[in-house]
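# Survey of secondary and tertiary structure
The residues making up each chain are set out below.
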Amino acid sequence: MTIPSGTRLGPYEITAQAGAGGMGEVYKARDTRLDRTVAIKILPAELATNTSLRLRFEREAKTISQLNHPNICTLYDVGETRLEEARDERREASEESEAGVPLASHLAPLVSYLVMEYLEGETLGDRLAKGPLPIGEALRIGVQVADALDRAHRQGVIHRDLKPGNVMLTKSGAKLLDFGLARTLADAGGGRGRIDVSLQEGATEHRPQHPLTQEGTILGTFQYMAPEQLEGSEADARTDIFAFGCLLYEMATGHRAFEGKTRTSLIAAIVTGQPRPLSELQPSSPPALEHVIARCLEKEPDDRWQSVHDVASELRWISETGSATGVAAPVVPTRRRRERFAWAAVTLAVLLAIAIGSVAFLRRPEPSRVIRFEINPPPETAFFPFDELGMAISPDGRSIALATISRDGKQRLFLRAIDAIDAAALPETTGAAYPFWSPDGRFIAFFADGKLKKVARDGGPPLVIADAASGRGGVWGTDGTILFAPNIYSGIHRVSANGGTSEAITQLDPATDVSHRWPHLLPDGKHFVFLLRSQRDGGRQPGRLMLASLDGKEQRPLLENASNAIYAGGHLFFGRDGSLMAQRFDLRGLEMLGDPVTVVPMKLSYWEPKNLISFSVSDKGLLVYLPTRSVSEELRILDRSGRQADRIGTQGNFDAGSAFSPDGKRVVFSRGEDQRQNDVWFYDRERKRVSRMTFEPGEYWSLSWTPDGSTLYFTSQPKGVPQIYRRSLTVAGGTELVFENNVWKWMGGFAPDGKHFMVSEQSPDGGMDLWLHRTDSDERTLFLKTPSNEIDARFSPDGKWVAYTSDETGVPEVYVRHIANPADQWQVSSGGGMVARWRADGRELFYITPDGTVMAVTVQTGDRFEPSEPVRLFDIEARGEIFRPSLHDVSPGGDLFLVLTPGKGTTVPAIQALSDWRSAVEPDARGR
């Protein structure tokens, strides 16, 4: 039964048939929930009633779900549904029997299916049809397949059907497929095997209808079966090693290890014969490779390699030492021979020691080479374009976990080996920030979706450890304890790495403390440092680095004016005013020694509101850091076709926002040299003149006019936490504080009557909520609170509707709600949207997609909200690595758009790496 394109299996829409095998058909499909391409493997409907096949299908799902490895095909989902047939068949099925009951035989068939990652490439079988592989490529693929098998074996899973057709070659490496014939060791019980005789992929299965545990049955594909499989004996991991030897042989020579004209002759060749020598078919092959393959193909399991891990190690050694690698002679030494060898070794060692001593006496040691290199972001991603999302070096110093953001606005984790060129995405880490490693390097912890999670470095689904509404850093101790900051207003908490309810181990002083964050354990495992954000005497204070003990008995200041800190090699590394510093630290006395030194001669990417500087350092000597980006932008006015209608000529950083006046004749904007210092300016469109409103240094953003154009409201933070201010544009006077509290907030838009305005506020649980404020009093009302972030709320011109941006689906989208009944909600954008703006007559709503396309939606408002399908207007020029929205505002008539375009000074930062930080911190350490 072939399933036509367009058929839905639950949330999956079939798009094409990808292949077929003895255990089912494979289709390419689209996951409509996550908008990704997947592969769906289906148990044919006509076999669904076969109990043994059905059990085998279910076992495949359970088996694959246990295996998480970059070289094993990932299982996403498993499902069961009734498949709707063609329209005429449904009409026929609706005909009733004589008793007036629909005919049961015409019910839609029940279909079971697996949903796996869709792999683009070719099978190893297809590749081998073109001839043997180069030895180097064969070794590389062999190592990857062996690593995958090793992971399966360690989890008690035997593949039992390893063959070229079950290995997919993709751009990211080999992927092991189809564990449909696998069996967990836990399921071994008393059974010795199963029946499944097939000479090739797609052949009909011949198997009596017996239970799966029947003794003396055969399972696999003949050409790659081990002798014990053909005899119906118990199979174990060494059975896979035999098949792996067949695979290696075929990759190196282009010929199968065992062949026969009939089934009987093939079985005889496997049980009693030997393959042609590798050197005869492939003279350039390393002798050591022939030795590895020969031992894989031993007839007795006890004579083979006993673990595929050992095979992988041998293949790596052959690959590293080159094609000339030979094989040692058989080791059958006599005692006298061993004694002669031992004396020779001692003599050689003495001579070698004398030679080395002489050289050391005559030559001073050469300084170690310090290597500097760059780590660029993966394609279509950037490192921390707005605030820092974190990076972390693995405990062995060989890998780095990177939090990135893509053009579609999604944050995710990548894993990059230091000696590799490309980074690999860790699946299911959308929204990830602030990664940190387990001490053994097997797991990476991170914050996402209001949780603290962990994911195996080899891949697999993340596991939730604890609640963390807006996590701000963590560290994983050797005893399995994790210290972390669960939200922006909390103390430091402790939780088991296995999960559970966390407990606070530091307490905030409500009079002065704002937050405790960025914990880092010291080597004694009893003390840690963390960053304290405070607000004293009504003004903003720099971060203070604190020392504390896990038992809660000690907590004292360690450093003033500091950011996040990491201990490595006798030093404490920390940030100060955007510079990376290092200072010696005494682990016995738990105190700083000497004076701090600047580690690198450049400013690092530093987001002051978080007291976070972007770096990671390892005891092994590796240092990675992200320099500050240089941003120079131009604010332009474009028409509906994307052509320039006007240009505000000054360059600078316009990230803080801009807005048309209610009559469209002026533009207010915030411009500065960086994010922390800017001023408010006006642009008169008729006179083409720029004038300045503020002269005191500060931070001003989210600018909003009152409906009559007489007053400007904005967000600023002269005293730490940002507050709402206003300034009259018609009456002389200064800036007036409108509203303040101890949480972060952003100004929104005004109601048409000018008596209310919206503010987005960050709640203690981490989400951004929408509050409705009055302009003539301190009265305010909570308009919308969800677990997600709701920002940038704008009233419709009739005052009945509010458009805003929310990330409740995992990506930002534009929504509209009724002001009097917030439960009435409509999603306007699809595939991402933000910066919603109304036309003055309320008949059109505009927004921008994450990739920079300006969209328009025709709407009808009143008692009902009726939007049309979004229509593309134009694309905004890319802004380098900064993937935030480039649209700021729309004119009252809906014909002009305030957008940002890159200036001449915009640079794209890459992570900088230093192989030995001691050369920068301790110049005399070069020769050590």
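Residues numbered from 1 in each chain as written. Predicted model: local features only at pLDDT ≥ 70, side-chain atom pairs only at ≥ 80, totals over all residues. Heavy atoms only, no water.

## Remarks on the overall build of the protein
Using the following cut-off: Numbering of helices and strands runs from the N terminus, with a helix taken as a DSSP run of H or I at least four residues long and a strand as a DSSP run of E at least two residues long. Each residue's exposure class comes from its accessible area (1.4 Å probe, protein chains only) as a fraction of the maximum for that residue type: buried when under 20%, exposed when over 50%, partly exposed otherwise. Using a 1.4 Å probe, the Shrake-Rupley method yields the accessible areas, and only the shown protein chains count as cover for residues.
Across its full length, the protein carries twelve helices and 66 strands. Buried residues in the protein amount to 54% of all 928 residues. Only carbon and sulfur atoms are counted for the fraction: they give 50% of the accessible area of the protein, which is about 42000 Å².

## Notes on the pattern of salt bridges
Note the following rule: By definition here, a salt bridge exists when the distance from a side-chain nitrogen of Lys or Arg to a carboxyl oxygen of Asp or Glu is within 4 Å.
A full pass over the atoms with the stated rule returns 38 salt bridges. Between Lys688 and Asp646 there is a salt bridge whose closest N-O contact spans 3.0 Å. Residue Lys688 is located in the loop between β45 (678-684) and β46 (689-692), and its partner Asp646 is located in strand β42 (residues 644-652); the two are separated by 42 residues in the primary sequence. According to the relative accessible area criterion, Asp646 is buried, its value standing at 11%. With a shortest N-O distance of 3.3 Å, Arg872 and Asp875 are connected by a salt bridge.

## Brief notes about the sheet that holds strand β57 (residues 813-818)
Our working definition: When DSSP finds two or more bridges between two strands, those strands count as paired. Here, axes are lines fitted to C-alpha atoms. For helices the fit covers the stretch in contact, and angles between N-to-C directions go from 0 to 180 degrees.
The strand order across the open sheet formed by four strands is β55-β56-β57-β58, and the pairing between neighbours is antiparallel. In the strand order of this sheet, the two ends are held by β55 (790-795) and β58 (825-827), each with one partner. Each adjacent strand pair in this sheet contributes to an overall mean axis angle of 25°, direction not counted. With three bridges joining them, β57 and β58 adopt antiparallel strand pairing.

## Considering the state of the cysteines
To be explicit about the condition: Any cysteine sulfur atom paired with another within 2.5 Å is treated as part of a disulfide.
All told, the structure shown has zero disulfides when counted by the stated rule. The thiol sulfur of Cys246 is not disulfide-bonded, and the nearest other cysteine sulfur, from Cys296, lies at 9.1 Å.

## Some thoughts on the side chain of Thr775
Put simply, the test is: Between N or O atoms, a polar contact is any pair within 3.5 Å; within protein, one atom must be a potential hydrogen donor and the other a potential acceptor, and residues adjacent in sequence are included only when both atoms are from side chains. Residues count as neighbours in contact if any of their non-hydrogen atoms are within 4.5 Å of one another.
Mapping Thr775 onto the fold places it in the loop between β53 (768-774) and β54 (780-784). Side-chain polar atoms of Thr775 contact the backbone oxygen of Gly754, separated by 3.3 Å. Dropping the residues within four chain positions of it, Thr775 is found in contact with Tyr713, Arg726, Phe750, Gly754, Lys755, His756 and Phe757.

## Here we look at a negative patch on the surface
So the rule is basically this: Candidate patch residues must exceed 30% relative accessible area and have no salt bridge, after which like charges are joined if within 9 Å and Val, Leu, Ile, Met, Phe, Trp or Tyr side chains if within 5 Å. Counted as positive: Lys and Arg. Counted as negative: Asp and Glu. His and the chain ends are not counted at all. Note on charges: their place is set at NZ of Lys, CZ of Arg, CG of Asp or CD of Glu.
Together, Glu231, Glu298, Glu300 and Asp303 line one region of the surface with negative charge. Mapped onto the elements, Glu300 comes out in the loop between α9 (287-296) and α10 (308-321).

## Remarks on the nonpolar core
Selection rule: Here, nonpolar core means buried Ala, Val, Leu, Ile, Met, Phe, Trp, Tyr and Cys residues that are tied together by side-chain atoms lying within 4.5 Å of each other.
Counting residues in each nonpolar core, the largest one holds 56 residues, and the members touching the most others are Val145, Leu162, Val167, Phe244, Phe258, Leu289 and Leu315. Setting aside chain neighbours within four positions, we find Leu289 in contact with Ile135, Leu139, Ala252, Leu278, Leu315 and Ile318. Membership of the second largest hydrophobic core comes to 32 residues, among which are Ala432, Phe436, Ile444 and Ile465.

## Digging into the packing of helix α4 (residues 135-154) against helix α6 (residues 237-253)
The angle between the axes and the distance between the axes are what describe a pair of packed helices. Put simply, the rule is: Oblique is the label for any angle not under 35 degrees, not over 145, and not in the 65 to 115 range, which are roughly parallel, roughly antiparallel and roughly perpendicular in turn. We call a crossing left-handed when the near helix sits turned anticlockwise from the far one by less than a right angle, and right-handed when that turn is clockwise.
Running from N to C, α4 and α6 point in directions that differ by 165°, and their axes come no closer than 10 Å. In this view, α4 runs roughly antiparallel relative to α6, as classed from their interaxial angle. α6 is crossed by α4, and the crossing has right-handed handedness. When α4 is examined against α6, the residues Ile135, Ala138, Ile141, Gly142, Val145, Ala146, Leu149 and His153 are found in contact with a partner set consisting of Ala237, Asp240, Phe244, Leu247, Leu248, Met251 and Ala252.

## Digging into the packing of α6 against α9
Going by this rule: Lys, Arg, Asp and Glu make up the charged group, whereas Ala, Val, Leu, Ile, Met, Phe, Trp, Tyr, Cys and Pro make up the nonpolar group; the residues left over, Gly among them, are polar.
α9 packs onto α6 with a crossing angle of 145° between their chain directions and a minimal axis gap of 8 Å. Considering only the axes of α6 and α9, their crossing is left-handed. Residues Ile241, Phe242, Gly245, Leu248, Tyr249 and Ala252 of α6 pack against Leu289, Val292, Ile293 and Cys296 of α9. Classifying every residue of the contact of α6 with α9 by side-chain character gives nine nonpolar, one polar and no charged.

## A closer look at the environment of Trp838
Locating Trp838 in the fold gives a position in strand β59 (residues 834-838). Trp838 sits 52 residues away from Val890 along the chain, and the two C-alpha atoms are 7.7 Å apart. Engagement of the side chain of Trp838 in a polar contact is seen with the backbone oxygen of Arg794, the distance being 3.1 Å. A distance of 3.4 Å separates the side chain of Trp838 from the backbone oxygen of Phe795, its partner in a polar contact.

## Considerations on α4
Heads up, the rule is: Take the residue count of a helix, subtract one, and multiply by 1.5 Å to get its expected span.
Its 20 residues give α4 an end-to-end C-alpha distance of 28 Å, which sits within 8% of 28 Å, the value for a rise of 1.5 Å per residue. The buried fraction of α4 is high, at 16 of 20 residues.

## Regarding the packing of aromatic side chains
How we decide: Note on aromatic contacts: the rings of Phe and Tyr and the six-membered ring of Trp form a pair at centre separations within 6.5 Å, being stacked when their planes are under 30 degrees apart, edge-to-face when over 60 apart, and tilted otherwise. The criterion for a charge sitting over a ring is simple: Lys NZ or Arg CZ within 6 Å of the ring centre, and within 35 degrees of the ring normal.
A complete count under the given rule lists 23 aromatic pairs for this structure. Note on Phe447 and Phe484: the rings are 6.5 Å apart at their centroids and 35° apart in plane angle, and the pair reads as tilted. Placement of Phe447 in strand β21 (residues 443-448) and of Phe484 in strand β25 (residues 481-484) is noted, with a sequence separation of 37 residues between them. In terms of burial, Phe447 and Phe484 fall into one category: buried. Look at Phe714 and Tyr725: their rings are 6.4 Å apart centre to centre, the planes differ by 15°, and that puts the pair in the stacked class. Of this pair, Phe714 sits in strand β48 (residues 711-716) while Tyr725 sits in strand β49 (residues 723-728); the two residues are eleven residues apart in sequence, bridging distant segments of the chain. Each member of the pair Phe714 and Tyr725 is classed as buried. Site record: aromatic cluster; members linked through ring pairs are Trp801, Trp826, Trp838 and Phe865. Directly above the ring of Trp305 sits Arg295, whose terminal nitrogen or CZ lies 4.2 Å from the centroid. Positioned above the aromatic ring of Phe682, the side-chain terminus of Arg666 is 5.4 Å from the ring centre.

## A short note on the pairing of strand β44 (residues 666-672)
Across the seven residues that make up β44, a large majority, six, are buried. The pairing of strand β43 (residues 658-660) with β44 spans three bridges and is classified as antiparallel. Across the sheet, residue Ala659 finds its bridge partner in β44, namely Val668. Two successive antiparallel strands, β43 and β44, enclose a turn made up of five residues, where Gly664 displays a positive phi of approximately 75°. Alignment of β44 against β45, held across seven bridges, turns out to be antiparallel. Residue Ser670 lies in a different strand from β45, and its bridge partner there is Val680.

## Re the sheet that holds strand β50 (residues 736-739)
Ordered by their spatial adjacency, four strands build an open sheet running β47-β48-β49-β50, and the pairing between neighbours is antiparallel. This sheet does not close on itself; its edge strands, each paired only once, are β47 (700-705) and β50. Sheet twist, expressed as the average angle between the axes of neighbouring strands with direction ignored, equals 35°. Pairing of β48 with β49, which is carried by six bridges, proceeds in the antiparallel orientation. The partner of Leu712 across the bridge, within β49, is Arg727.

## Remarks on unusual backbone geometry
For Glu428, which is not glycine, the phi torsion reads 60° and is therefore positive. Even without being a glycine, Leu590 presents a positive backbone phi close to 55°.

## Section: the environment of Ile400
Relative to the assigned elements, Ile400 resides in strand β17 (residues 399-406). Given a relative accessible area of 0%, Ile400 falls into the buried group.

## Considerations on α10
Rule in force here: To be clear, the arc concerns the directions from the helix axis to the C-beta atoms.
The end-to-end C-alpha distance of α10 is 20 Å, a good match for the 20 Å that 14 residues give at a rise of 1.5 Å each. Those residues of α10 not exposed but buried are Val308, Val311, Ala312, Leu315 and Ile318. All buried residues of α10 project into a common sector of 125° when viewed along the axis, lining one side. For α10, the elements touching its buried residues are α4, α6 and α9.

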